[in-house]
4 protein chains.
Amino acid sequence: MHGATLMGLAAAAGAASPDVATVEKTMTGSAFDLQHAPVALPFPAKSLNGISERLIQSHWENNYQGAVKALNVIRARLGQALLDANTPPYVYNGLKREQLMRTGSVVLHELYFANLGGNGKADTDVRAKIGASFGTFDAWESEFRKIGQGLAGGSGWVVLGFNRRLKLLENYWLADHATAPVDATPVLVMDMYEHAYQMDYGAAGAKYIDAFFLNINWESVGQRL
Amino acid sequence: MHGATLMGLAAAAGAASPDVATVEKTMTGSAFDLQHAPVALPFPAKSLNGISERLIQSHWENNYQGAVKALNVIRARLGQALLDANTPPYVYNGLKREQLMRTGSVVLHELYFANLGGNGKADTDVRAKIGASFGTFDAWESEFRKIGQGLAGGSGWVVLGFNRRLKLLENYWLADHATAPVDATPVLVMDMYEHAYQMDYGAAGAKYIDAFFLNINWESVGQRL
Amino acid sequence: MHGATLMGLAAAAGAASPDVATVEKTMTGSAFDLQHAPVALPFPAKSLNGISERLIQSHWENNYQGAVKALNVIRARLGQALLDANTPPYVYNGLKREQLMRTGSVVLHELYFANLGGNGKADTDVRAKIGASFGTFDAWESEFRKIGQGLAGGSGWVVLGFNRRLKLLENYWLADHATAPVDATPVLVMDMYEHAYQMDYGAAGAKYIDAFFLNINWESVGQRL
Amino acid sequence: MHGATLMGLAAAAGAASPDVATVEKTMTGSAFDLQHAPVALPFPAKSLNGISERLIQSHWENNYQGAVKALNVIRARLGQALLDANTPPYVYNGLKREQLMRTGSVVLHELYFANLGGNGKADTDVRAKIGASFGTFDAWESEFRKIGQGLAGGSGWVVLGFNRRLKLLENYWLADHATAPVDATPVLVMDMYEHAYQMDYGAAGAKYIDAFFLNINWESVGQRL
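The paragraphs below set out a description of the structure included in this document.

So, how was this worked out
Residues numbered from 1 in each chain as written. Chains lettered and ligands numbered in written order. Predicted model: local features only at pLDDT ≥ 70, side-chain atom pairs only at ≥ 80, totals over all residues. Heavy atoms only, no water. Helix = DSSP H or I, 4+ residues; strand = E, 2+ residues; numbered from the N terminus. Buried < 20%, exposed > 50% of the residue type's maximum accessible area, 1.4 Å probe, protein only. Areas by Shrake-Rupley, 256 points an atom, 1.4 Å probe, with all protein chains shown as cover. Axes fitted to C-alpha atoms, helices over the stretch in contact; angles between N-to-C directions. Parallel < 35°, antiparallel > 145°, perpendicular 65-115°, else oblique. Contact = heavy atoms within 4.5 Å. Nonpolar A, V, L, I, M, F, W, Y, C, P; charged D, E, K, R; others polar. Buried area = accessible area lost by both parts, 1.4 Å probe. Salt bridge = Lys/Arg side-chain N within 4 Å of Asp/Glu carboxyl O. Polar contact = N/O pair within 3.5 Å; in protein donor to acceptor, adjacent residues only side chain to side chain. Phe/Tyr/Trp six-rings, centres within 6.5 Å; stacked < 30°, edge-to-face > 60°. Lys NZ or Arg CZ within 6 Å of the ring centre and 35° of its normal. Pairing = 2+ DSSP bridges. Least-squares fit on C-alpha atoms with pLDDT ≥ 70 in both.

### Things to note about the overall build of chain A
For step 1, the next point in the chain: Check the secondary structure of chain A and you find ten helices and three strands.
For step 2, the next point in the chain: Along its sequence from the N terminus, chain A presents helices and strands in the succession α-α-α-α-α-α-α-β-β-β-α-α-α.
For step 3, the next point in the chain: Counting the 225 residues in chain A, one finds 60% classified as buried.
For step 4, the next point in the chain: On chain A, roughly 8000 Å² of surface is accessible, and the fraction owed to carbon and sulfur atoms is 53%.

### Describing the packing of helix α7 (residues 137-151) of chain C against helix α5 (residues 89-114) of chain D
For step 1, the next point in the chain: Contact pair α7(C) / α5(D): the axes reach a minimum separation of 8 Å and the direction vectors enclose 105°. Comparing the axis directions of α7(C) and α5(D) gives the class roughly perpendicular. In this structure, α7(C) contributes Glu143(C), Lys146(C), Ile147(C), Gln149(C), Gly150(C) and Leu151(C) to the contact, and α5(D) contributes Pro89(D), Tyr90(D), Tyr92(D), Asn93(D) and Lys96(D).
For step 2, the next point in the chain: Looking at the contact of α7(C) with α5(D), its residues break down into five nonpolar, three polar and three charged.

### Re the interface of chain B and chain A
For step 1, the next point in the chain: The interface of chain B with chain A comprises 58 residues on the first partner and 58 residues on the second.
For step 2, the next point in the chain: Between chain B and chain A the total buried area reaches about 4800 Å² when both faces are included, carbon and sulfur atoms providing 64% of it.
For step 3, the next point in the chain: On the chain B side of the interface with chain A, the three residues burying the most area are Lys146(B), Trp173(B) and Val182(B), jointly 15% of the side's total.
For step 4, the next point in the chain: Taken together, the connections running from chain B to chain A amount to four salt bridges.
For step 5, the next point in the chain: Residue Glu170(B) pairs with Arg75(A) through a salt bridge whose shortest N-O separation is 2.7 Å.
For step 6, the next point in the chain: Remark: the boundary between chain B and chain A carries 22 residue pairs in polar contact (both at pLDDT 80 or more).
For step 7, the next point in the chain: Listed by contribution, the elements that provide at least two residues to the side of chain B that touches chain A are α3 (30-33), α4 (53-83), α5 (89-114), α6 (124-134), α7 (137-151), β2 (168-174) and β3 (184-191) of chain B.
For step 8, the next point in the chain: For the side of chain B that touches chain A, the leading source of residues is α5(B), giving 14 residues.

### Considerations on helix α9 (residues 205-214) of chain D
Since the α-helix packs 3.6 residues into each turn, any two residues three or four apart lie on the same face.
For step 1, the next point in the chain: Of all the positions in α9(D), only Gly205(D), Tyr208(D), Ile209(D), Ala211(D), Phe212(D) and Phe213(D) are classed as buried.
For step 2, the next point in the chain: The inward-facing, buried residues of α9(D) abut α5, α7 (137-151), β3 (184-191) and α8 (198-201) of chain D.

### Let's talk about the packing of aromatic side chains
For step 1, the next point in the chain: As enumerated under the stated definition, the model contains 66 aromatic pairs over all chains in all.
For step 2, the next point in the chain: Aromatic pair Tyr112(B) and Phe113(B): ring centres 5.6 Å apart, planes at 55°, arrangement tilted.
For step 3, the next point in the chain: Since its relative accessible area comes to 3%, Phe113(B) is described here as buried.
For step 4, the next point in the chain: Aromatic pair Trp140(D) and Trp218(D): ring centres 5.8 Å apart, planes at 80°, arrangement edge-to-face. On the criterion of sequence distance, the pair formed by Trp140(D) in helix α7 and Trp218(D) in helix α10 (residues 218-224) is long-range, its members being 78 residues apart. Just as Trp140(D) is buried, Trp218(D) falls in that class too.
For step 5, the next point in the chain: Across from the ring centre of Phe213(B), 4.3 Å away, lies the NZ or CZ of Arg145(B), which sits over that ring.

### So, the pairing of β2(B)
Each regular strand shows side chains that alternate between the opposite faces of the sheet.
Residue and element names in this part refer to chain B.
For step 1, the next point in the chain: Among the seven residues that make up β2, seven are buried, leaving the element largely enclosed by the rest of the structure.
For step 2, the next point in the chain: Residues Leu168, Glu170, Tyr172 and Leu174 line one face of β2 and the alternating positions Leu169, Asn171 and Trp173 line the opposite face, and both faces are buried.
For step 3, the next point in the chain: Inspection of the sheet shows strand β1 (residues 157-163) paired to β2 by seven bridges, in the antiparallel sense. Looking at the pairing, Trp157 lines up with Leu174 of β2.
For step 4, the next point in the chain: As consecutive antiparallel partners, β1 and β2 are separated by four residues, and within that stretch Lys167 has a phi angle of approximately 55°, a positive value.

### With respect to the environment of Phe212(D)
Residues and elements named next belong to chain D.
For step 1, the next point in the chain: Among the structural elements, Phe212 can be located in helix α9.
For step 2, the next point in the chain: In this structure, the C-alpha to C-alpha distance between Phe212 and Lys121, residues 91 residues apart in sequence, is 12 Å.
For step 3, the next point in the chain: Residues in contact with Phe212, not counting those within four places in the same chain, are Tyr112, Asn115, Leu116, Phe144, Leu188, Val189 and Met190.

### What about the relation of the copies chain B and chain A?
For step 1, the next point in the chain: Mapping chain B onto chain A is achieved by rotating through 180° and translating by 0.0 Å along the same axis, at an RMSD of 0.0 Å. Such a combination of turn and shift is consistent with a two-fold rotation axis.
For step 2, the next point in the chain: With an isologous cut-off of 70% or more, the 98% of interface residues of chain B that recur at the interface of chain A puts this contact in the isologous class.

### Focus: the sheet that holds β3(D)
All names here are of chain D.
For step 1, the next point in the chain: Reading across from one edge, β2-β1-β3 is the order of the three strands in this open sheet, with antiparallel pairing throughout. The open sheet has two edge strands, β2 (168-174) and β3, and neither has a second partner. Adjacent strand axes in the sheet meet at a mean angle of 25° when their direction is disregarded.

Next comes the structure, spelled out in structure tokens:
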């Protein structure tokens, strides 16, 4: 790869960057120009029980903030690609997939941090509401944990969600940030990507699940219910 | 595999079969025993413009109803598998993935049929609301169509949805029934599985997209907004 | 979206197209510049039993050739994107995913057409080889068909393949063109995307599977074994 | 769900349990009863440069061996499920997907460990062969690394493989163990699941990629070429 050639291409690429003023004039809609601002950790990083400050700080800084930055870049690129009549639809959809993936990562991480930082004790009201859908609260917990165990060593999320169409609380297995139930509101979210536990627990996903339960902020969950 | 081993496995499996009395006591919740009832087509099958009665009837009967039946079977199997202590978590998650896939199919099909049967004309109010997020209504339409073109010949959905977390109307590319944005309410849903158009249009996905737009029930979309 | 703006952007995009001479100089490797040439149908389009000329012709022209064209476009875009220092890795991977998807589509379709056009009768030798891995030839067939039935109404492939690592003939479920076993050589390939049967059979996937079996070119399969 | 219904289901399930004698007679083939034996680490766990003994040992023991065990369990379950006439095809495919996922994990991990333990120095012959497909060896390396960077923080694999159909060395992006090119032989495999680096490098995926390159066993790669 010759320097000269690379420089030439870079210059050409520069010339092609959409003029900022132009973009602003044509793609004023937030669907194309929203810039998402990261949300701070809702608890002191050192306050968790069995999840280290180092891990949760890295999780927030690198994985969550990285997703925010990527989402903002992709959104801007979508605006440009849509205006370029030469963009084939399947190339455009490559970007849309990345947008869906990063949006899921941003939203799920925000929900995850917001349902941590508690004392892990669900009050009677929350237990009753969950129990009403799953037979018992313990039946709910056993399914939620089982899904998590099945994801350990890989990636994904476990989500207790309210399915707005079926009018039903259910647990969901999510393979990645872009897998999700349609029209369901997450109530409790557990990250099973290995960055959520490897630093503290190595491959011992089950121990992380225990730690996760110790730190659930059930008040926050109750408000979502 | 020796007969002895197989017999051993069979015995173990038998021993682990959920005790019926136990099942009744623990698995009363709707998360495990809901039986979804199919929703009728919200318009006469022969009333669409450019989408044949034969196709839409087959779509509803075979693809949608098939998903309803599969979902009901899987839900019952989940209840049994969870009670069986021998079910490995990764086997359980194989069922959870099927549940997510069928739930998505059921919900998306119901939304799809419900946003068809109209005259394809969006009123000023709907156009303004969509335009507010995308710059113009036409910009929205061009992205929605482009995503659809990129899915033609394969499978998936295009969804205009309201992202409840980002407070934003966006178009989404969905690879299949289990791909979706987290916590977003679908507003307009277009099926791009080939069963939505092959019978009438063969491989001509673009013609189907035209026909879809002619039949959008914008009043229904307006209510979802 | 104003015409003037769009025209300006189009001009800019044109200006940015990598100079052909430059590309040639730097990206001479076939990994970046191979242009795949479509392979003709290996049998007369009207010669199949229970699969119409119209369907197989459309399948070859639109779905297969479409994949070839898309693959060629994406390969060229990868070469450009890699040279552009501004391409974020996750945007690059959006293109790599499309490349994998189209490559899978091209290769699987070529294998599919090449194992059709026969009389559906497997000779003793082939039956014995397959039976050796599955217990009996019928056991193999029952699994192959069952996987196909599970994919009907959606998309994917069923592949009998030789796993070069496990030294084993196995049947594989493929969700889409980018799902596949690692280091396995396909021996018999059945397309379960709906474009393989909807025109002739509507939603009746099981009837298509019957027709597929009537047309298997077992000599071709035998050579792959 | 009423007790009567559940009892009916249980009875049906019981009745459908594969008859042991039948299983023996029909399911003797290795496709249903192969038990994969784990392959030892091909180098001393403490011998790597910048990848700790603790990490590589855990990677082998937990992630790789876990996949082997899961694969063996799933294969046995497939044999049982296929014989049970009550198994719906979509439930069967849930197991087939898990089989594909675990098979991919087993095979990719074995290839990964086998291409580590070297001194990271590619000889002239290997460099020439790779350069022939990518223009230059450096062009190959820049793409391979870029794909890896795009996967950091998530999961997946980067594979340099020989596409046996296109007669071409290419780099592949794999989203997970079940994503792969069809009929391609892996030549160099880099694990980008977070268990490959989080213990040593936290979220710093780029540092892991550097370490990976320092430990490539190019002789092993050369033999695969």
